[in-house]
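This is what each chain is made of:
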Amino acid sequence: QVQLVESGGGLVQAGASLRLSCAASGRTISRYGMGWFRQAPGKEREFVAAITWASSTTAYSDSVKDRFTISRDNNKNTLYLQMNSLKPEDTDVYYCAVRRALYSTLAPSESAEYDYWGQGTQVTVSS
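Numbering of residues starts from 1 in every chain and runs along the sequence as written. Only residues with pLDDT of at least 70 are given local features in this predicted model, and only at 80 or more are side-chain atom pairs given and counted; all residues enter the totals for whole chains, interfaces and linings. The side-chain numbers reported here are obtained from all heavy atoms of the structure, hydrogens and water having been left aside.

A. Main features of the environment of Ala 16. Helix and strand labels come from DSSP, where a helix needs a run of H or I of at least four residues and a strand needs a run of E of at least two; each type is numbered from the N terminus. Looking at the secondary structure, you find Ala 16 in the loop between strand 2 (10-13) and strand 3 (18-25). Taking the relative accessible area as the measure of exposure, Ala 16 reaches 24% and is therefore partly exposed. Note: C-alpha distance between Ala 16 and Ser 126 (110 residues apart in sequence) is 9.9 Å. Contact definition: two residues touch when any of their heavy atoms are within 4.5 Å. Apart from residues no more than four positions distant in its own chain, Ala 16 is found in contact with Met 83, Asn 84, Ser 85 and Leu 86. Exposure categories follow from relative accessible area, calculated using a 1.4 Å probe and restricted to protein chains: below 20% of the type maximum is buried, above 50% is exposed, and the middle band is partly exposed.

This is the structure in structure tokens:
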């Protein structure tokens, strides 16, 4: 069993930076891929970024490319999302996810590829 808890969300002004964290517990996640998704009420879950187990591959959506950076610290069992140059359109609930496939070198963007999810943290960016 894997439990995920996101933190670091909040209300910021456009152009500001924010760092999200995702703490995993229940078992180590060093052998699993991880990702960040975001979702607004009544809308489909949107891919943000993903990272493989050894950080050898990262993937980003076009909307956040060059502004967001995904990283992980396997010793701390934690996933991070550094968000810079935030825009009002980045406003959403952000979810951390874990992909169960062991040692996978893929970083898929489809939410169905991920097996465990956190409860989400709200990010609001004012104009």
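Still more to cover.
B. Spotlight on the state of the cysteines. Cysteine sulfur pairs qualify as disulfides if the two atoms are within 2.5 Å. On inspection of all chains with the given rule, the structure shows one disulfide. Linked covalently through their sulfurs, Cys 22 and Cys 96 form a disulfide whose S-S length is 2.0 Å. Sign of the S-S torsion, about -75° for the bond between Cys 22 and Cys 96, identifies this disulfide as left-handed. Of the two residues, Cys 22 sits in strand 3 while Cys 96 sits in strand 9 (residues 92-102), which places them 74 residues apart along the sequence. Like Cys 96, Cys 22 is buried.

C. Focus on the sheet that holds strand 8 (residues 78-83). Spatial ordering of the open sheet is given by 1-3-8-7, a layout of four strands whose pairing is antiparallel. Either end of the sheet is taken by a strand with one partner, and the two such strands are strand 1 (3-7) and strand 7 (68-73). When the angles between neighbouring strand axes are averaged without regard to direction, this sheet yields 15°. Only strands that DSSP links by at least two bridges are regarded as paired with each other. Where strand 3 meets strand 8, six bridges bridge the pair, whose relative direction is antiparallel. When the sheet's bridge partners are listed, Leu 20 is paired in strand 8 with Leu 81. Axis definition: a line fit to C-alpha positions, over the contact stretch in the case of helices; interaxial angles, taken between N-to-C directions, run 0 to 180 degrees.

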